[in-house]
Amino acid sequence: MGNPSAVFVGLTTLDLSYAVDRYPVEDSKTRADGLFVGAGGPAANAAITHAFLSHRDTTLVTALGRHALAQPIRADLTEQGVGLWDETPEDSARPPVSSIIVATDTGSRTIVSMDDSERDPQPPNAARYLDGSDVVLVDGHYPNLAFQAAECAPDGVPVVLDGGRWREEVHRKLLPDITIAICSETFAPPELRSGGLDEVIDFLHAAGPRLVAITRGDRPIRYSTPAGRGEISVSTDAVVDTLGAGDILHGAFCHYFASGSDFPSALEQAAEVATFACRFVGTREWMRHYDSR
């Protein structure tokens, strides 16, 4: 594999995603309308999206190991054109598994998962996989991997944070090395959780990131640059499944931003991809329809 154009560092899961008309009642049996089994997780979904859109080298740095359940993940990543850098190749522990129920009548999803927080690999030298990268994304799930990747990114290479939920022990240390923070509206340190988005944006800028965006589900994305702040509308038409929408947005953003789009334009294009993906069940079906959209 040649030098990667993008490196995604973080969590990979084995996803078991069931599609049903409506969410099951407790203590019942429900026949699913569809089943997806494959790689999931924030960094993995973003990497798969980037590989699909860019057709360029894409590397996922994660922790899988040699457990039997890691094999379908490896096979799926290979099929999707994502190069794997496994920091725990000899680990026999089971990789994290996510069980997901998607209720297609509302587009909602319910997830029961392990976040693999008991593992935190110690990378010997991140420069091995960062050399030649155009953009680096970290999701913070493996703190040591995230810290080293963000700190060792080559000069001029943007480091993007996928900020889902605030993790005190990770994000205060990580943020000074982040160039671009794209976070959910629930991402905030405890002292700011009763404040507004502008307070969170101010905090993020002061902590390190030069460019900031806050995603808010089906409401407009708020963004901030040194030149000013603004909003990007999000389409809610024909939403069937929101599973992985944020991950897909992050992967698409990395593609468009590294390809030369400015920050608001890259966000807008990425939001269009993510909302298109929500018209289909699962995190991959949208790819089969993307060229005919």
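Relevant structure appears above.
Residues numbered from 1 in each chain as written. Predicted model: local features only at pLDDT ≥ 70, side-chain atom pairs only at ≥ 80, totals over all residues. Heavy atoms only, no water.

What follows is about unusual backbone geometry. Across residues other than glycine, the phi torsion is negative in most instances, and most of the peptide bonds are trans. Residues other than glycine seldom take positive phi values, yet His55 does so here, at roughly 55°. Among the structural elements, His55 can be located in the loop between helix H1 (42-54) and strand S4 (58-62). Under the relative-accessibility criterion, His55 is labelled exposed at 71%. You will see that Ala238, though not glycine, has its phi angle at about 55°, which is positive. Relative to the helices and strands, Ala238 is located in the loop between strand S13 (228-232) and helix H7 (245-258). Given a relative accessible area of 53%, Ala238 falls into the exposed group. (Helix = DSSP H or I, 4+ residues; strand = E, 2+ residues; numbered from the N terminus. Buried < 20%, exposed > 50% of the residue type's maximum accessible area, 1.4 Å probe, protein only.)

The four strands lie next to each other as S3-S2-S6-S7, forming an open sheet whose pairing is mixed. With partners counted over all chains shown, the strands left at the sheet margins are strand S3 (34-40) and strand S7 (108-113), one partner each. For this sheet the average axis-to-axis angle between neighbouring strands, irrespective of direction, equals 20°. Note: strand S6 (residues 97-103) against S7, six bridges, orientation antiparallel. Its bridge partner being in S7, Ile101 is matched across the sheet by Thr110. Across the sheet, helix H2 (residues 70-79) touches strand S2 (13-20) and S3, and the angle it forms with S3 is around 85°. (Pairing = 2+ DSSP bridges. Axes fitted to C-alpha atoms, helices over the stretch in contact; angles between N-to-C directions. Contact = heavy atoms within 4.5 Å.)

A separate point is helix H6 (residues 197-207). Along H6, the residues classified as buried are Leu197, Val200, Ile201, Phe203 and Leu204. Buried residues of H6, seen end-on, are gathered within an arc of 160° and therefore sit on one face of the element. Along its buried surface, H6 packs onto helix H5 (168-174), strand S10 (180-184), strand S11 (211-216), strand S12 (219-225) and S13. Just downstream of H6, Gly208 is the residue with a positive phi angle, here 155°. (Arc of directions from axis to C-beta.)

Before going further, it helps to examine a nonpolar patch on the surface. Taken together, the side chains of Tyr18, Leu35 and Val37 define a hydrophobic patch exposed on the protein surface, amounting to about 280 Å² of accessible area. For Val37, the location among the structural elements is in strand S3. You can call Val37 partly exposed: its relative accessible area is 44%. (Patch = residues over 30% accessible without salt bridge, like charges linked within 9 Å, V, L, I, M, F, W, Y side chains within 5 Å. Areas by Shrake-Rupley, 256 points an atom, 1.4 Å probe, with all protein chains shown as cover. Salt bridge = Lys/Arg side-chain N within 4 Å of Asp/Glu carboxyl O.)

Moving on: the packing of H7 against helix H8 (residues 263-277). For any two helices packed against each other, the geometry is given by the interaxial angle and the distance between the axes. Packing of H7 against H8 brings their axes to within 8 Å, and their N-to-C directions diverge by 140°. As summarised for this structure, H7 and H8 are arranged oblique, according to the angle between their axes. Crossing hand, H7 versus H8: right-handed. Residue-level contacts link Ala245, Ile248, Leu249, Ala252, Phe253, Tyr256 and Phe257 of H7 to Phe263, Ala266, Leu267, Gln269, Ala270, Ala271, Val273, Ala274 and Ala277 of H8. Grouping the amino acids of the contact of H7 with H8 by side-chain chemistry returns 15 nonpolar, one polar and no charged. (Parallel < 35°, antiparallel > 145°, perpendicular 65-115°, else oblique. Left-handed = near helix turned anticlockwise from the far one by under 90°. Nonpolar A, V, L, I, M, F, W, Y, C, P; charged D, E, K, R; others polar.)

Moving on, we come to the state of the cysteines. Counting across every chain of the model gives zero disulfides. Cys254 supplies the cysteine sulfur nearest to Cys152, a cysteine that is in no disulfide, at a spacing of 18 Å. Of the residues examined, Cys152 reaches a relative accessible area of 35% and is grouped as partly exposed. With no disulfide of its own, Cys254 has Cys183 as its nearest cysteine by sulfur position, at a separation of 13 Å. (Disulfide = S-S within 2.5 Å.)

What follows is about the sheet that holds S12. One open sheet accounts for nine strands, arranged S5-S4-S1-S8-S9-S10-S11-S12-S13; its pairing is mixed. The open sheet terminates on both sides in strands that have one partner only, identified here as strand S5 (83-86) and S13. Pairs of neighbouring strands in the sheet enclose a mean axial angle of 15°, with direction left out of account. Of the strand pairs in this sheet, strand S9 (residues 159-163) and S10 are connected by four bridges, and their pairing is parallel. Along S10, the bridge assignment pairs Leu161 with Ala181. Those strands touched by H1 are strand S1 (6-9), S4 and S9, and its axis lies near 170° from that of S4. Strands S1, strand S8 (135-138), S9, S10, S11 and S12 of the sheet are contacted by H7, whose axis makes an angle of about 165° with S9.

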